[in-house]
Amino acid sequence: MTALRPFSAAALRQALMALMALLMLSLGAPLLAQQSLPPAPYANRQLDDPAQEAIAHELMATLRCLECQSQAINDSDSPMAGDMRHQVRISVASGEHPEAIRAWLMERYGDYVSYTPQVSATTWPLFVVPLLILLVAGAIFWRRFARRA
Amino acid sequence: MIAELGLAALWLAAALAGLQTIAGFLSVRAGTTTELGGLIRPAAVVQGVFAGLSFCALLYVFAITDLSVKLVASHSHALKPMVFKLSGAWGNHEGSMLLWVTVMALAGALIAVVERRLPDRTMQAVLAAQGFVALGFYAFLLLSSNPFERLPIPAAEGMGLNPLLQDIGLAFHPPTLYFGYVGLSIAFSFAVGALITREVTPAFARAMRPWVLGAWVFLTVGITAGSYWAYYELGWGGWWFWDPVENASLMPWLAATALLHSVSVLAARDALRVWTIMLGVVAFSMSMLGTFLVRSGILTSVHSFAVDPERGTFILLLLALYIGGALLLFALRASTISEGKRFAIASREGALVVNNVMLSAILAIVLLGTLYPLLTEAFDIRVSVGPPYFNPVGAIFVIPMLLVMAVGPLLRWREDRFARISREMIVLGAILVVALVLIAVLGDVALLPLLGLAVAAMLTVASFLPLRGRKLTRVPIATWGMVVAHFGIAVALFGMASESAFTKERLAALAPGDTTQVGQWAVTLDAIVPVAGPNWTAIEGQLSARIGDGEPISMRPQSRTFWAPPQVTAESVLATRWNGQLYAVMGESAGDGRWQVRLWWKPFVTLIWYGGLLVALGGVLAIIGRVRDDLKNRSVLRRAAERREDMRPEDMRPEDMGSEDMAYEDMRSEDMRPEESAL
């Protein structure tokens, strides 16, 4: 009957937790033991030049966080996404073209890292099928209405 | 003991589903009212009761944290708040599948009790189909996902529930979606029943419509809530990720949206019969596909799915059986169901056909983009399909559809001329063009948000045009429903486009006392304090935000550390203003006494979800209007029933009847039951 614990015990537990949290905070201990390395400087810091940051942001929104499920790197807490954001930002700051950065990342991590689809031997159906759908939709309209117009 | 009772109730419910299926099948085949036929409705009702009992048993073992039950031990924890203990019952694979069949059985029981309009034989076929679908899911639960399995030795303590899921919104998100998914199973059973008996009539459409509308309302609310949950819980300000799990709920919604428009045409005009049946089959197929995607583990990895395929294979077989079976039946029977009444392109039906085709096309795109990466992964090629694909490709179909949506409701049924509504079309066109030019000149906005803003402005006006020149108190409730739902689409679209075009982002490392700027807001970190909750501790940032010299508002985002299971989550804080939301998140310590703070100013972002709720409200109004009309007309209809039977042969054109025409006439003189002689 754990649901019916006396109130005082719960209050005591909360107080203990608060104490623990205070302790952790005051000692400056890392909050997560597994994240022992501090994040790269530009993981969570914007570039000073708003124009450059906008370029970086646009690119980051189309790069996949490889550790997450369906998140772009600018939508993720994962350390790896942070490292990639850092990489993208310093590359943009050094004047690289965003598509060159994307190409570099794709070379390193595979096509999987880019959300922006490019027509290739493996992705052509993604572009052909919508065209087919357009044709089918046109055919349906034609069949239904053209002869009667 | 309770767990065993729950399991026994589940077996009994499965047995009743079997009885319902067999009795239904036999009496439909016999073609006359047999004794078996009398069993079908009671079987459906009792099946619902037993499934309900079984689910209550599961809730109970979660409520008391019975750690000898494997599911409780692996997904709950004695220290969780009660509401999350209960929601933990469906926050896992087995429990959610039990919820699925329970909702399905209760829905089946409900139609068995209330639906009296359709011919007996069609109802028998409908309930047989419902029982048959339920049977597959009972088999799945009982044979491969028993929620009541006991542990040989009770666990000392439960493993807890993922902290991300310990959120009140999420606790009720899956049930809402399941009500939608499973409501579509009723539409599916109606479609299959009507295919079997070839009774695709306006009466059939009117019986099916409340279920489609209800399921659609639940799906709309579920998707809207899910999107808002992702928005505030994931802590990065995104509200739609084109994640396969999200797509799994969007696809049934798209199909249901097409279906509800199609079923309205069938009810009002006796047209689009084949479309309606096909969409009924597709909509539930998408529900099952969504369940398969989410529940089989295939999304985590195609390969892990292939290595441990028991559950996935089971659902895949169910999918193949039900979708394949229904499509086969459709292929066999579709040619014998006439298309229904014809109409011109410049007519309400014409616009609704465009709507159906466009929604189906969008559905196909989402389906393709969701399944394609899984397909290539099976061949060891990994590709990513994300927003940069879905947004533009979807827009190719969405924008024309929205333009048609603006004028469609202004057209008359059957045949109309665009010239008659030329003035409205000119006004709407002018709004569109002016908005496009103004926004393009004044702001630096990308193409898609630009189109979104302009179309939203035009739709806002267009959605109210159907009310023009009408006495507002005399407008039927269902028409109000349409107006509100279409207006909701405009509102949501405006929110999406505005968020995409005008969001301001600020990532900063702040020491207490530091101030940073995001949009018009100046945000100061006043202090960092530790706080504790029932099963977590947190670092709380005390922020105050103000515009210029305005009154500061206090915001307290937290970075929470849970320990059962251990995980850190960011508790974002949203300050809502009439023109947008300020979004604040606490990050990690930067190590030098400063703390990472993430801030966004998102103009009009809340309109996305208000729009979604308006769409759902429109659906609710439509249900109220339709059901009220039904109740009002029911007695009138009953009295007119005989007269209608006499008029039917003239109503159906000869090509509807084909060679059955003669048999029809023969039988009719005998017992006045044309729906049976039509076979």
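Cut-offs and rules
Residues numbered from 1 in each chain as written. Chains lettered and ligands numbered in written order. Predicted model: local features only at pLDDT ≥ 70, side-chain atom pairs only at ≥ 80, totals over all residues. Helix = DSSP H or I, 4+ residues; strand = E, 2+ residues; numbered from the N terminus. Rg over C-alpha atoms; globule rule 2.2 N^0.38 Å. Buried ≥ 20, exposed ≤ 12 C-beta atoms within 10 Å, placed from the backbone. Contact = placed C-beta atoms within 7 Å. Axes fitted to C-alpha atoms, helices over the stretch in contact; angles between N-to-C directions. Parallel < 35°, antiparallel > 145°, perpendicular 65-115°, else oblique. Left-handed = near helix turned anticlockwise from the far one by under 90°. Nonpolar A, V, L, I, M, F, W, Y, C, P; charged D, E, K, R; others polar. Core = buried A, V, L, I, M, F, W, Y, C linked by C-beta atoms within 7 Å. Domains from an automatic or database assignment. pLDDT = per-residue confidence, 0-100. Pairing = 2+ DSSP bridges. Expected span 1.5 Å × (residues − 1). Bend = angle between axes of the 7 residues up to and from the residue.

1. Brief notes about the overall build of chain B
Item 1. What chain B contains, in helices and strands, is 21 helices and 10 strands.
Item 2. Compactness check: chain B gives a C-alpha radius of gyration of 27 Å against a globular reference of 26 Å for 679 residues, within 12% of the reference.
Item 3. Expressed as lengths along the three principal axes of its C-alpha atoms, the size of chain B is roughly 90 × 75 × 50 Å.
Item 4. Sorting the 679 residues of chain B into buried and exposed places 50% on the buried side.

2. Description of the overall build of chain A
Item 1. Each helix and strand counted, chain A has 5 helices and 0 strands in total.
Item 2. Listing each helix as α and each strand as β along chain A from the N terminus yields α-α-α-α-α.
Item 3. Once local pairs closer than 6 in sequence are excluded, the contacts in chain A between residues at least 24 apart make up 52%.

3. What about the packing of helix α1 (residues 2-30) of chain B against helix α2 (residues 35-63) of chain B?
Residues and elements named next belong to chain B.
Item 1. Look at α1 against α2: their axes get within 8 Å of each other, and the N-to-C directions meet at 160°. Regarding the angle of α1 to α2, the classification is roughly antiparallel. Between α1 and α2 lies a crossing of left-handed hand.
Item 2. Taken together, the residues of the contact of α1 with α2 break down into 25 nonpolar, 7 polar and no charged.

4. Looking at the nonpolar core
Residues and elements named next belong to chain B.
Item 1. Counting 185 residues, the largest nonpolar core has V101, A187, V212, A255 and A256 as its most contacted members.
Item 2. In terms of residue count, the dominant contributor to this core is helix α8 (residues 202-233) (17 residues).
Item 3. Not counting the four nearest positions on each side in its chain, A187 is found in contact with M208, W211, V212, A215, L259, G280, A283 and F284.
Item 4. Core analysis: the second largest hydrophobic core is formed by 27 residues, A545, L582, V585 and V597 among them.

5. Regarding the packing of helix α9 (residues 244-269) of chain B against helix α10 (residues 273-295) of chain B
All names here are of chain B.
Item 1. Relative orientation of the contacting elements α9 and α10 amounts to 165°, with a least axis distance of 8 Å. For the element pair α9 / α10, the angle class is roughly antiparallel. The two elements α9 and α10 meet at a crossing, and its hand is left-handed.
Item 2. Per-class residue counts for the contact of α9 with α10 are 19 nonpolar, 6 polar and 1 charged.

6. Points about the interface of chain A and chain B
Accessible area lost during the coming together of the parts is what is often quoted as the interface size.
Item 1. Counting from both sides, the interface comprises 44 residues of chain A and, opposite them, 45 residues of chain B.
Item 2. Put simply, the parts of the chain that give the side of chain A that touches chain B at least two residues each are α1 (7-27) and α5 (124-145) of chain A.
Item 3. A per-element tally of the side of chain A that touches chain B places α5 of chain A first, with 9 residues.
Item 4. Looking at side-chain class alone, the side of chain A that touches chain B contains 23 nonpolar, 14 polar and 7 charged residues.

7. A closer look at the domain arrangement of chain B
All names here are of chain B.
Item 1. By the assigned domains, chain B splits into domain 1 (1-161) and domain 2 (505-603).
Item 2. One C-alpha centre belongs to domain 1, the other to domain 2; they are set 45 Å apart.
Item 3. Contacts between domain 1 and domain 2 engage 6 residues on the former and 4 residues on the latter.
Item 4. In terms of residue class, the side of domain 1 that touches domain 2 is built from 3 nonpolar, 2 polar and 1 charged.

8. Some remarks on the confidence of the model for chain B
One rule of thumb: low pLDDT means the predicted coordinates there are not for detailed reading.
Residues and elements named next belong to chain B.
Item 1. Looking at chain B as a whole, the pLDDT averages 85, with 91% of positions reaching at least 70.
Item 2. Confidence, read as mean pLDDT per element, is least for helix α21 (residues 674-677) in chain B (30) and greatest for helix α17 (residues 477-502) (95).
Item 3. The ipTM for the predicted assembly is 0.75, set against a pTM of 0.86.

9. Some details on the sheet that holds strand β9 (residues 580-589) of chain B
All names here are of chain B.
Item 1. The 4 strands lie next to each other as β1-β10-β9-β8, forming an open sheet whose pairing is antiparallel. Since the sheet does not close on itself, it has two edges, and those belong to β1 (504-510) and β8 (573-577), each with one partner. Pairwise comparison of adjacent strand axes, ignoring direction, gives a mean angle of 15° for this sheet.

10. Observations regarding α2 of chain B
Residue and element names in this part refer to chain B.
Item 1. The end-to-end C-alpha distance of α2 is 43 Å, a good match for the 42 Å that 29 residues give at a rise of 1.5 Å each.
Item 2. Maximum bend of α2: about 25°, positioned at R41, with proline P42 one to four residues after it.
Item 3. T65 lies just past α2 and shows a positive phi near 50°.

11. A short note on the confidence of the model for chain A
Residues and elements named next belong to chain A.
Item 1. On average, residues of chain A score 76 in pLDDT, and 71% of them reach the 70 mark or higher.
Item 2. Here α1 is the element of chain A with the lowest mean pLDDT, 52, and helix α4 (residues 98-109) is the one with the highest, 91.
Item 3. Considering only residues more than four positions removed or in separate chains, one finds that residues 24-36, a stretch of pLDDT under 50, has 10 contacts.

12. Quick word on the pairing of strand β4 (residues 536-547) of chain B
Residue and element names in this part refer to chain B.
Item 1. Sheet analysis places strand β3 (residues 521-532) next to β4, joined by 11 bridges and oriented antiparallel. When the bridges of β4 are listed, A522 appears paired with R546.
Item 2. Where β4 lies against strand β6 (residues 558-563), 5 bridges are found, and the strand directions are antiparallel. By the bridge assignment, E540 is partnered in β6 with Q558.
Item 3. Pairing analysis gives 3 bridges linking β4 to strand β5 (residues 553-555), with the strands arranged antiparallel. Note on β5: the bridge partner recorded for L543 is M555.
Item 4. Connecting the antiparallel pair β4 and β5 is a turn made up of 5 residues, with G548 showing a positive phi of about 55°.

13. Observations concerning the environment of G443 of chain B
Item 1. Of note, G443 of chain B is situated in the loop between α15 (422-442) and α16 (447-464).
Item 2. Taking the C-alpha atoms as reference points, G443 of chain B and F604 of chain B, separated by 161 residues in sequence, lie 16 Å from one another.

14. Some details on the environment of E499 of chain B
Item 1. One can find E499 of chain B in helix α17.
Item 2. Put simply, E499 of chain B and I298 of chain B are 201 residues apart on the chain and 32 Å apart in space, counted from C-alpha to C-alpha.

15. Examining the pairing of β6 of chain B
Looking down a regular strand, the side chains alternate between one sheet face and the other.
Residues and elements named next belong to chain B.
Item 1. Burial analysis of β6 places 5 of its 6 residues in the buried class, which makes it a mostly covered element.
Item 2. Judged from the 6 bridges that link them, β6 and strand β7 (residues 566-571) form a sheet pairing that is antiparallel. Within the sheet, the bridge partner assigned to T561 lies in β7 and is V568.

16. A word on the environment of V455 of chain B
Residue and element names in this part refer to chain B.
Item 1. Considering the arrangement of structural elements, one finds V455 in helix α16.
Item 2. Given 27 C-beta atoms within a 10 Å radius, V455 is considered buried.
Item 3. Here the alpha-carbon distance between V455 and F494, two residues 39 residues apart in the chain, equals 8.4 Å.
Item 4. Discounting chain neighbours no more than four positions away, the residues touching V455 are I399, L402, L432 and L493.

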